[in-house]
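What follows is each chain in one-letter form.
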Amino acid sequence: MGSCISLQISCDQVLTRAYSCFFSLGNYIHKLKDNIVALEKAIEDLTATRDDVLRRVQMEEGKGLERLQQVQVWLKRVEIIRNQFYDLLSARNIEIQRLCFYSNCSTNLSSSYTYGQRVFLMIKEVENLNSNGFFEIVAAPAPKLEMRPIQPTIMGRETIFQRAWNRLMDDGVGTMGLYGMGGVGKTTLLTQIHNTLHDTKNGVDIVIWVVVSSDLQIHKIQEDIGEKLGFIGKEWNKKQESQKAVDILNCLSKKRFVLLLDDIWKKVDLTKIGIPSQTRENKCKVVFTTRSLDVCARMGVHDPMEVQCLSTNDAWELFQEKVGQISLGSHPDILELAKKVAGKCRGLPLALNVIGETMAGKRAVQEWHHAVDVLTSYAAEFSGMDDHILLILKYSYDNLNDKHVRSCFQYCALYPEDYSIKKYRLIDYWICEGFIDGNIGKERAVNQGYEILGTLVRACLLSEEGKNKLEVKMHDVVREMALWTLSDLGKNKERCIVQAGSGLRKVPKVEDWGAVRRLSLMNNGIEEISGSPECPELTTLFLQENKSLVHISGEFFRHMRKLVVLDLSENHQLDGLPEQISELVALRYLDLSHTNIEGLPACLQDLKTLIHLNLECMRRLGSIAGISKLSSLRTLGLRNSNIMLDVMSVKELHLLEHLEILTIDIVSTMVLEQMIDAGTLMNCMQEVSIRCLIYDQEQDTKLRLPTMDSLRSLTMWNCEISEIEIERLTWNTNPTSPCFFNLSQVIIHVCSSLKDLTWLLFAPNITYLMIEQLEQLQELISHAKATGVTEEEQQQLHKIIPFQKLQILHLSSLPELKSIYWISLSFPCLSGIYVERCPKLRKLPLDSKTGTVGKKFVLQYKETEWIESVEWKDEATKLHFLPSTKLLI
């Protein structure tokens, strides 16, 4: 039975196929004559429709209008189908003569079938084309390079405009990105570019301006572009994005265009829109503005132009322009007050415009005093600040997707205006606050912190500062926006109280201490802290850098049970802590560095949640007894304090089983040996200062350093050591496995018996190296030690190229030094060498290829005789470096 069913299905398939074939033969051969007649009629109708459209087009063009692209495309398709019709018609008589059996068959079945199929399909195509030939509008005004409105005076923008224009005119530049913080003038600069194209033309056929904004919609961009190109009407609107992209592509491919995309927040897929590639040959351009460096990279622009705030002089000129000379001259004191108000804007054009226009009609000196007071105390209350300035800047904050990243951004506002914030300190705060998960391990947590900082920098919410970009700074107006968001857009001002750097002499009055979550009174002149505020929600307390602070009452800490971060650093007069600090049961971060505290209260041991304790540079601190009771401690700073570690102290440190980071001074060979034996402590060391090591006559004066993976900074001073060796890593092991991979700073001075520092080969990532007063030092890297090994070991050593990350090399008071390295090195990161009192150093490991092309390099020296005695490798090397030398007086 199964076979019967199978056969039945096969027969059905055969019959279906046969019927289909017969039906096609009937349509294509039997009805061929009728189909030809129908095709001729369809072509006649299409031709009539075309003539009507052309007549309308010619009338509109006579009025100075330009035919729409969709009309032109339709007319082109009509001509193509008409030409195909006449080609098909030329074989009509031959194909009709082949018909036989009353047109039911053909003498050449294959040929007649193919011909009949073409006739049948062309009828459908002609009818479809004819139905699409009814246009509401056939022509529109020709696209023009219309001027865009712009303020008449653009202070301080001449230079950056010229740079941007020159880059745009470079045939090798197809896509150009302009980035910068909100309100800095990116749109103004783009408008200048647009209007200059209007004035100069430069062979450009069409300039298209599209405002993209944060809500990126491909179809909206296509509509804006299509309108400029003449694609309008119901038929265009009905098309899919992919169909619109084809129309835009076909149109722009024939033009030299410049596409200006303003305010993009994410990558715009130009291909999906239908934008042709920009090449050197077609000279087409795309220019966009954004607040994000990440967006620039995703758009394929890796060298974007940053639009920065105005200089002080240019900002003042713009502010004067907005305020007007009549107001500025209406009272003798107003001019100086106006400079203070302008200064609060920190060169941000948006703020200068809004605040300048607000102050334009104010001619009473009291009004200007009030403006200074408001901008200093709570700028969000200044007229126009919240809705015209802060709201615009807040878009950048809203675009931060992660809530923890937003919290990290807001945290930076706890610092004073124009304050350079150390990156590592911020990250430590963030870990303790819980914005970063500290349980993933210190290294991973720190890396995540730097990722967050990078995100904020690339979003133009922070800027990197310092020679090595170790600090960040927040623009004052961005800081006001951050404080505004912390206060729920001004609804809860006491949630976050920041009076940092305000010149306070005492703790300010607060109406509702219960609402305060963060309090920053750092960088003031507060002398005494007393009272007992009820702060059940307080988590962050910044009291650092109050140079006059002498006393904190115990009652002050009594009602802060949620406090997580307490910073008391840089309070140089503070000489004690109250016992009530033990009531800070949630405390995770405590910084007492650079204070005058003599002893830690015993109750400090009760802070069981404390994970970060900084006791660095406490010159009067005598003991850390009991520190092992801080069972959660992960980071401990002891460097440059007065603590003389002994055997008992080391034992206590060894009991801190969660310790990950330790900074410390070592002043005893016995303590050093004990710490080496306790290997876990050596693995925790991040910054180490070894000083005043004195050996007995019977002792070996070699210093044996163990592998320290976490070590970042090493200082050695006044040590009686003759040689530094690597403990547990001899020349018989693979030297390509560094012992000090993270070591970046090395300072060695007054170690008179050292003859070389060959061990530096095992620290490949040193960036700063200072060597001073080593009276017997002859070679920085000993040629004999590095090559006096077996052939196999020597091959391995050849893989080590020293000083690849070195940026600064400082050599001073080294009377016997003859060699840094015996051959030339590339020094790809080197920016400076300082040489003083090194009379025998004649050869430097430099050649004409040393350094990075375009990177600024300075060779500084103190004695003219020394630079004249240098034996350069060759003339090319001399010519390469002599212009970079500088005599220090």
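Residues numbered from 1 in each chain as written. Predicted model: local features only at pLDDT ≥ 70, side-chain atom pairs only at ≥ 80, totals over all residues. Heavy atoms only, no water.

Describe the state of the cysteines, naming the residues involved and giving the relevant values.
Enumeration over the complete set of coordinates arrives at 0 disulfides. Between cysteine 412, a free cysteine, and cysteine 408, which holds the nearest cysteine sulfur, the sulfur-to-sulfur gap is 7.7 Å. (Disulfide = S-S within 2.5 Å.)

Give me unusual backbone geometry: which residues, what numbers.
Of note, glutamate 570 is a non-glycine position whose phi angle comes to about 65°, a positive value. Looking at where glutamate 570 falls in the secondary structure, it is placed in the loop between strand E18 (565-567) and strand E19 (589-591). Even without a glycine there, the phi angle at asparagine 718 is positive, about 55°. Here asparagine 718 shows up in the loop between strand E25 (713-717) and strand E26 (723-726). Owing to a relative accessible area of 34%, asparagine 718 belongs among the partly exposed residues under this scheme. (Helix = DSSP H or I, 4+ residues; strand = E, 2+ residues; numbered from the N terminus. Buried < 20%, exposed > 50% of the residue type's maximum accessible area, 1.4 Å probe, protein only.)

Tell me what's going on with the sheet that holds strand E8 (residues 285-290), and back it up with residues and numbers.
Backbone hydrogen bonds hold the strands of a sheet together, and the pairing may be parallel or antiparallel. An order of E6-E7-E8-E5-E9 is seen for the 5 strands of this open sheet, with the pairing classed as parallel. Two strands lie at the open edges of the sheet, namely strand E6 (206-213) and strand E9 (305-306), each paired on one side alone. Pairing geometry for strand E5 (residues 175-179) and E8, over 5 bridges, is parallel. Bridge pairing in E8 places threonine 175 opposite valine 286. Across the sheet, helix H8 (residues 218-229) is in contact with E6 and strand E7 (257-264); its angle to E6 comes to roughly 160°. (Pairing = 2+ DSSP bridges. Contact = heavy atoms within 4.5 Å. Axes fitted to C-alpha atoms, helices over the stretch in contact; angles between N-to-C directions.)

Explain the sheet that holds strand E10 (residues 421-422) residue by residue, including any values.
Read across the open sheet, the 3 strands follow the order E10-E12-E11; overall the sheet is antiparallel. Edge positions in the sheet fall to E10 and strand E11 (463-465), since each has one partner strand and no second. Here E10 runs beside strand E12 (residues 471-473); their pairing, made up of 2 bridges, is antiparallel. The partner of lysine 422 across the bridge, within E12, is glutamate 471.

How would you sum up the pairing of strand E31 (residues 858-861)? Please name residues and give values.
Burial along E31 is one-sided: Leu859 and Tyr861 are buried, while Val858 and Gln860, pointing the other way, are not. Pairing geometry for E31 and strand E32 (residues 885-887), over 3 bridges, is parallel. In the sheet register, tyrosine 861 faces E32, and the bridge partner there is leucine 887.

Describe the environment of leucine 811, naming the residues involved and giving the relevant values.
Mapped onto the secondary structure, leucine 811 falls in strand E29 (residues 808-812). The exposure class of leucine 811 is buried, given its relative accessible area of 0%. C-alpha separation for the pair leucine 811 and arginine 837, spaced 26 residues apart in sequence, amounts to 8.3 Å. What leucine 811 contacts, discounting residues up to four positions off in sequence, is Ile771, Leu817, Ile820, Tyr834, Val835, Glu836, Cys838 and Leu841.

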